[in-house]
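# Structural features, examined
Each chain is listed here by its residues.
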Amino acid sequence: MDNLLENQPDKVDILDLASPPPITYAYLETTNYCNLQCSFCNRDDVIGKLKHMPIEQWIDLLERIKHYPIKEAKLMGMGEPFLHPKFDEICRIWKDYFPKSFLIVATNCQYKFQDRIERAFKYIDLVYFSIDGYKENYERDRHPAKWSKLITYLDSFKNCDRGIARVTCNYVVNPDNIKDIQTIYDEIVVPYNLEELRLNIAQCWSENESMMDSYTEDQIKYLHDNWQDNIKGKSKWDFEDCFWPKEGLYVTVEGRVLMCPLNTGAKDFGNIFYSDLNKIRNSSDFKKVQLGCENNCPTSHCKNCSYKELTPILTKLGVTG
């Protein structure tokens, strides 16, 4: 990235570069409390003091972004969203500010299904039930989750008023749970009337391990032949295609502005509660990331992006995106 700037003919001042486009996608964390210790989660390394965002602060945040043309939002992050004791109010207030936006929430279903959960469904457009694997495999990867608790939740959910919410099963595929996919479809998706089974290929976090090496040829063939249409992602993707530096916003429960949820351990670019968001997005550090992605010359912030690592296996699976 530094070489990119040095090679500009007129020694470009990064602060003179055009401002990022308006924000159209928001990823907002309203709680960092969680009831699980998932094997693939780094929350213990990146979260601060446990906190549910107070309603007053939530309104303050929305006041600061209400002028942006936000089309889609996810109310999630390093915590379980529905553990917020006023999450139904959180969702209602969001829709008051952005009535035409598409609101998405993911949940681990490891808590008692209560009236306030059903009330929240009135305002959520799409709910992801995170279910990766069957019984022992599920409990292994989402410790200390219990399969019995999941079924109790689903039984309570089955006859509730779903409001406007579409509900799907979001399944993170790894080499150890591939054989469970059909069982989850037969025993969860169909009987509980979930919209679809979404398959996401697990990202590899090891610098010394290739994602392709994690799967056998038989596993790749099975996924390709049986579940290709359910696998999400884009096989043709490069840094210039990343929307986060252009139109995305990621804010933690403390108000820290990060670039994206794929690098939650990065230093923040500022705090939305103490700094003007426009100034944050026009700062030198933010623009360096933006320019690096635009030119497929990522900075250190992005060069190990796990989404980029997905493209070879998605190509082999025949996923076009």
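Treat the numbers as computed from the prediction; the structure is a model and nothing was measured. (Residues numbered from 1 in each chain as written. Predicted model: local features only at pLDDT ≥ 70, side-chain atom pairs only at ≥ 80, totals over all residues. Heavy atoms only, no water.)

## As for empty space enclosed by the protein
Spelled out, the test is: A cavity here means a set of points on a 1 Å grid, drawn over the protein atoms and nothing else, where a 1.4 Å probe fits but cannot get out; a pocket is an open set with protein on both sides within 12 Å along at least five of seven lines, and a residue lines either one if it has an atom within 4 Å of a point. Grid points are joined across faces, edges and corners, and a volume is the space filled by probe spheres set on the points. Each residue is assigned to one of three groups, with Ala, Val, Leu, Ile, Met, Phe, Trp, Tyr, Cys and Pro labelled nonpolar, Asp, Glu, Lys and Arg labelled charged, and all others, Gly among them, labelled polar.
If you walk through the whole model with that rule in mind, you get one cavity of 30 Å³ or more. In this structure, the largest cavity spans a volume of roughly 70 Å³. Along the walls of the largest cavity sit Glu 29, Asn 32, Val 46, Ile 47, Gly 48, Met 78, Tyr 250, Thr 252, Glu 254, Arg 256, Leu 258 and Thr 264, which together make up its complete lining. Within the lining of the largest cavity, the residues separate by chemical class into five nonpolar, four polar and three charged.

## Examining the pattern of salt bridges
Test applied: Any Lys or Arg side-chain nitrogen found within 4 Å of a carboxyl oxygen on Asp or Glu counts as a salt bridge. Secondary structure follows DSSP: runs of H or I at least 4 residues long count as helices, runs of E at least 2 residues long count as strands, and numbering of each begins at the N terminus. Think of it in three bands: with a 1.4 Å probe and only protein chains considered, a residue is buried below 20% of the maximum accessible area for its type, exposed above 50%, and partly exposed in between.
Inspection of every chain in the model, using the stated rule, returns 16 salt bridges. Between Asp 60 and Arg 64 there is a salt bridge whose closest N-O contact spans 2.9 Å. Remark: Arg 64 and Asp 60 occur in helix 3 (residues 55-65); sequence separation between them is four residues, near one turn of the helix. Take Asp 60: its relative accessible area is 29%, and that puts it in the partly exposed class. A salt bridge links Arg 142 to Asp 132; its shortest N-O distance comes to 2.7 Å. Of this pair, Arg 142 sits in the loop between helix 6 (136-141) and helix 7 (147-158) while Asp 132 sits in the loop between strand 4 (126-130) and helix 6; the two residues are ten residues apart in sequence, bridging distant segments of the chain. When sorted by exposure, Arg 142 lands in the same class as Asp 132, which is buried. What you see here is one network of salt bridges that share partners, running through Glu 89, Arg 92 and Asp 96.

## Quick word on the packing of helix 9 (residues 217-227) against helix 13 (residues 306-317)
Heads up, the condition is: Only C-alpha atoms enter the line fits that serve as axes; for helices the fit covers just the stretch in contact. Angles between N-to-C directions range over 0 to 180 degrees. Any two residues having at least one pair of non-hydrogen atoms within 4.5 Å are treated as being in contact.
Interaxial distance between helix 9 and helix 13 falls to 9 Å at its minimum, and their mutual angle equals 65 degrees. Residues Glu 217, Ile 220, Leu 223 and His 224 of helix 9 form the contact with helix 13, whose participating residues are Ile 313, Lys 316 and Leu 317. A class-by-class count of the residues in the contact of helix 9 with helix 13 yields four nonpolar, one polar and two charged.

## Overview of helix 4 (residues 87-97)
Among all positions in helix 4, only Phe 87, Asp 88, Ile 90, Cys 91, Ile 93, Trp 94 and Lys 95 are buried. Tucked inside the fold, the buried residues of helix 4 contact strand 1 (25-28), helix 3, strand 2 (72-75), strand 3 (102-107) and helix 5 (115-120).

## Regarding the environment of Phe 269
Relative to the elements of secondary structure, Phe 269 occurs in the loop between strand 8 (257-258) and helix 11 (277-281). The exposure class of Phe 269 is buried, given its relative accessible area of 16%. As for Phe 269 and Val 257, which are separated by twelve residues in sequence, their C-alpha atoms are 5.6 Å apart.

## Describing the confidence of the model for the protein chain
Basically, it comes down to this: For every residue, the predictor states its confidence as a pLDDT score lying anywhere from 0 to 100.
On average, the protein chain scores 91 in pLDDT, and the residues at 70 or more come to 91%. Taken as a whole, residues 5-11 scores under 50 in pLDDT and shows two contacts with residues more than four places along the chain or in a different chain. Low confidence marks residues 205-210, where pLDDT is under 50. Its contacts with residues over four positions away, or in another chain, come to six contacts.

## Overview of helix 7
Selection criterion: Helices are assigned an expected span. That span is 1.5 Å times one less than the residue count. The arc in question is traced by the directions running from the helix axis to the C-beta atoms.
Taking 1.5 Å as the rise per residue, helix 7 with twelve residues should run 16 Å; its terminal C-alpha atoms sit 16 Å apart, in good agreement. Where helix 7 is concerned, the buried positions are Trp 147, Leu 150, Tyr 153, Leu 154 and Phe 157. Taken down its axis, helix 7 places every buried residue within 120 degrees of arc, on the same side. When the buried face of helix 7 is taken as reference, the exposed residues oriented beyond 90 degrees from it are Ser 148 and Thr 152.

## As for the sheet that holds strand 8
For clarity, the threshold we go by: Here a strand pair is declared whenever DSSP counts at least two bridges between the two strands.
In spatial order, the strands read 6-5-4-3-2-1-7-8; together these eight strands make up an open sheet with mixed pairing. In this open sheet, the two strands that pair with only one neighbour each are strand 6 (197-201) and strand 8. By the bridge criterion, four bridges tie strand 3 to strand 4 in an arrangement that is parallel. By the bridge assignment for strand 4, Ala 106 is matched with Tyr 128.

## Quick notes on the side chain of Thr 24
With respect to the element layout, Thr 24 can be found in the loop between helix 1 (2-6) and strand 1. Residue class for Thr 24 comes out buried when judged on its relative accessible area of 16%. Residue contacts for Thr 24: discarding those within four places in its chain leaves Pro 69, Ile 70, Lys 71, Glu 72 and Glu 247.

## Overview of the pairing of strand 3
To keep things clear, this is the line we draw: The handedness of a crossover follows from its direction of travel: if, with the strands pointing away from the viewer, the path from the first strand over the helix to the second runs clockwise, the crossover is right-handed.
Taking burial as the measure, the six residues of strand 3 include five buried ones, the bulk of the element. In the classification by handedness, the crossover that spans strand 2, the intervening helix 4 and the parallel strand 3 is right-handed. Between strand 3 and its parallel partner strand 4, the chain crosses via helix 5, and the hand of that crossover is right-handed.

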